[in-house]
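A look at the structure
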Amino acid sequence: MTPWECLTFEWFGALFSDERILNGIWNSILVGFGTVILSVSMGLAGALMLTQIWPKLRATYYTVIIAPILIPGVVLGISTLVFWDRINRMLGLGADSFLSNGLFLTIIGQSTFIASYCMLVLVARLQRYDIALTEAALDLGATHAQAFRKVLLPFMKPAIASAAVLAFLASFENYNTTTFTFGEYPTLTIELAQKVRYGITPAISALAFIIVVLTVFAALANEANLRRKELVAKARKEATVEELSSGRIRMPGFLSSNWAAVALVVVACATVVVVGTATVYSPQQCIADVQEQKRLETEERINELRRQRDLRRQQQQEAEQGNAAEPNQSQPTGNNSGFGNVFAPSALSGEEEEASEAEEAPSGNNSGFGNVFDPGSLNSGQDN
Amino acid sequence: MSAGVGVDLENLWIRFGDFVAVRDANVNINGGDFFSFLGPSGCGKTTILRAVSGFLEPSDGRVLIGGNNMKGIGPNKRPTALIFQNLALFPLMKIWENITFSMEIRGASAKERRKRADELLDMIALPGQGDKLPSELSGGQRQRVAIARALCAEPDVLLLDEPLSALDLKLRQHMRTELREIQQRVGITFIYITHDQGEALTMSDNIAVMKAGVIDQIADGKTIYNDPSTAFAASFVGENNVFRGKVKRVMGNEALIETNRSGDLVARISSANQGRMKEGEDAMMFIRPEAFTLAPEGASGDHFVTAKVNHEEFEGNAFNIFMEGEGGKELKVSIPNLGQSFEDHTGQNITLEYETNNAVCVPAGELAAE
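First, a word on what this report is: a plain description of the structure on this page. Predicted model, so just to flag it, every value in this text is computed and none were measured.

**Looking at the packing of helix H5 (residues 139–152) of chain B against helix H6 (residues 169–186) of chain B**
All names here are of chain B. Contact geometry for H5 and H6: axes closest at 11 Å, N-to-C directions at 15 degrees. The angle between H5 and H6 falls in the class roughly parallel. Considering how the two elements wind past one another, H5 and H6 form a crossing that is right-handed. For the pair formed by H5 and H6, the contact residues are Gly 139, Gly 140, Gln 143, Ile 147 and Leu 151 on the first element and Leu 171, Met 175, Ile 182 and Val 186 on the second. Residues belonging to the contact of H5 with H6 are distributed by class as follows: six nonpolar, three polar and no charged.

If you want it as structure tokens, here you go:
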């Protein structure tokens, strides 16, 4: 029998009404943006430094700047906490100061190593940069700041975008550094970890589904955009001077020879269909059917077991009358291990408990999945 | 246009650690001149250019532009514009944005910039190409865009760092004329860096020949070609045949050189060295391939050279004869093709004659590497 019965969308509802998860997502996004800003700017500074540092120092500098990637996140988390706590105390601030704020500490802590990732991405692009471009800008009268803003930054833009995405994702999924620094701002990963300790609900799967869909969306949109740019560049290259200057150049359509755009549209349609179905579809009838079926099955089984027990009791009585039998009263019903009663010392002693277990079957499931797949949990949901 | 702004280098030294890139350079460049620095790669000519444009501070000495000392003034404050060897067009900007970058810095409106860009595009014969990206243009077009971009900044001095070296031969020759025309039209000072003596000779008003950080000679093209002051200048600019020897006798402006292979030959002493050549000193004399004529067999004297012919070739406008020369180097002779009959001399000894005025002698020195 599969654990799935009845299509339902109610766990999305459960997800969006879970305050802690929502709060976690919000905190994760806050931390993510903070980390993106901090680590991309630190990474860019580090990358610029690497290309301009005295060549003899370059290897040493590179090792130092890349080291945070190799240090375990746990160490970074503890270090961040201890370091800023010291500073906090040195400045004579209280426990509620900005420096001991969970948001601040998490952003700082994550940025220590995410900045190194960003630097690697940015260095790759920076190595293709011709320093003569900056010199040309200076020569034409630009200040250093103008040369940086108008020439270097536009050149670095694609790498900065990828570094930002990388930083956001790394921040979003980070657990082991955040776990020491989050304070009053638990991120999504922290909330999930805390929830999983008490068993997970399908709401988590709903969240996973949403994240996967969003990721696929973003990836396809990006790919479609890239392909479109390529096509436009090709069209421009083939265009004549007249077409270019008149602005009447024929650009390729959005969907033409662009599989990523087609896939994007397909996924979008599928999502719209799913959401539409979710708002219209009601699983009540199916749930009622399943419950009815389950009830009948259970009843039948109980009857069957009852019959067997009666039979056995008769036999036992007959036997007791023959020999003075020892009463078998050990009842280890409190077994909560995931292995059921397999290792219970009395598991081999008799089938009697089986009957009692069967009677309380709907509530006695202590498997690692909690009550997730128990049809009875649907029942309680309905009651609510 | 004004007479242009001059550039002076006074006792300019540039050192990188122990390495001396430029040694005591003294150059006066007149306003409105087309001035070239000519030398083999690594001789320090780009270093001089960077010192003029402000990317490099001199270790010693001064750079003056229009009489003003440029010490401590950054490249963005100097009245110079540099055209880079690789052009350094901004790859992400359209052509018109590239050209008017200096106006954007000054805060000009997009409309003004567009107008100026169109004017400059007309001047460099690329009308209507303003909306393209640099990568969509050919090498020669990019070259012209780089010039337009530099001119848009309205510099007093335009610096060009081997801008034609990336172009193919035909385009290079075309751009030479074009550059010279642009220079005459705008009337500003051009300082041009090259290792190609053809470029330097055809375009420049004055040329400085450089060797390993030292300026050997500063003069106009004709003087450098006909009256070199050092062995390096004589061997680097144009083709030249060298004869090594000792000064046997000095006779006013002429000297009799006792050459190692070809006997005693007479030559004019180059004007920079007159009065400085002493009897018995090592000397070098140079005769251009085209300065020789075929002499009747058996002729001898102090302006005849006899040698064995290794091989010959026909170049269209000239017959080239390659003869056994000094130190493994061949002696080259070019006889202009004027329709005369020309027989093969390979393997024979032939005698050549030259006019004393066409042979020049200088004190022995380092020759340019081939």
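Let's pick the thread back up.
**Thoughts on the sheet that holds strand S9 (residues 206–211) of chain B**
Residue and element names in this part refer to chain B. If you walk across this open sheet you meet the six strands as S6-S7-S8-S3-S9-S10, and the pairing is mixed. The strands lining the two open edges of the sheet, one partner per strand, are strand S6 (80–83) and strand S10 (214–219). Here the strands of the sheet are splayed against their neighbours by 15 degrees on average, with no regard to which way each runs.

**So, the environment of Thr177(B)**
Residues and elements named next belong to chain B. Tracing the chain through its elements places Thr 177 in helix H6. Residue classification places Thr 177 among the exposed residues on the basis of 11 C-beta atoms within 10 Å. Separated by 121 residues in sequence, Thr 177 and Leu 56 place their C-alpha atoms 31 Å apart.

**A short note on the sheet that holds strand S13 (residues 263–269) of chain B**
With mixed pairing, the five strands of this closed barrel are ordered in space as S11-S12-S13-S20-S14 (chain B). The sheet shows a mean angle of 55 degrees between the axes of neighbouring strands, taken without regard to direction.

**Observations concerning unusual backbone geometry**
Residue and element names in this part refer to chain B. One non-glycine residue with positive phi stands out, namely Leu 87, at about 75 degrees. Note on placement: Leu 87 falls in the loop between S6 and helix H2 (95–99). Here Glu 154, not a glycine, exhibits a phi torsion of approximately 50 degrees, which is positive. Its location among the elements puts Glu 154 in the loop between H5 and strand S7 (157–161). Note on Glu 154: 12 C-beta atoms within 10 Å, which makes it exposed.

What counts, and where the lines are drawn
- Residues numbered from 1 in each chain as written.
- Chains lettered and ligands numbered in written order.
- Predicted model: local features only at pLDDT ≥ 70, side-chain atom pairs only at ≥ 80, totals over all residues.
- Axes fitted to C-alpha atoms, helices over the stretch in contact; angles between N-to-C directions.
- Helix = DSSP H or I, 4+ residues; strand = E, 2+ residues; numbered from the N terminus.
- Parallel < 35°, antiparallel > 145°, perpendicular 65-115°, else oblique.
- Left-handed = near helix turned anticlockwise from the far one by under 90°.
- Contact = placed C-beta atoms within 7 Å.
- Nonpolar A, V, L, I, M, F, W, Y, C, P; charged D, E, K, R; others polar.
- Pairing = 2+ DSSP bridges.
- Buried ≥ 20, exposed ≤ 12 C-beta atoms within 10 Å, placed from the backbone.

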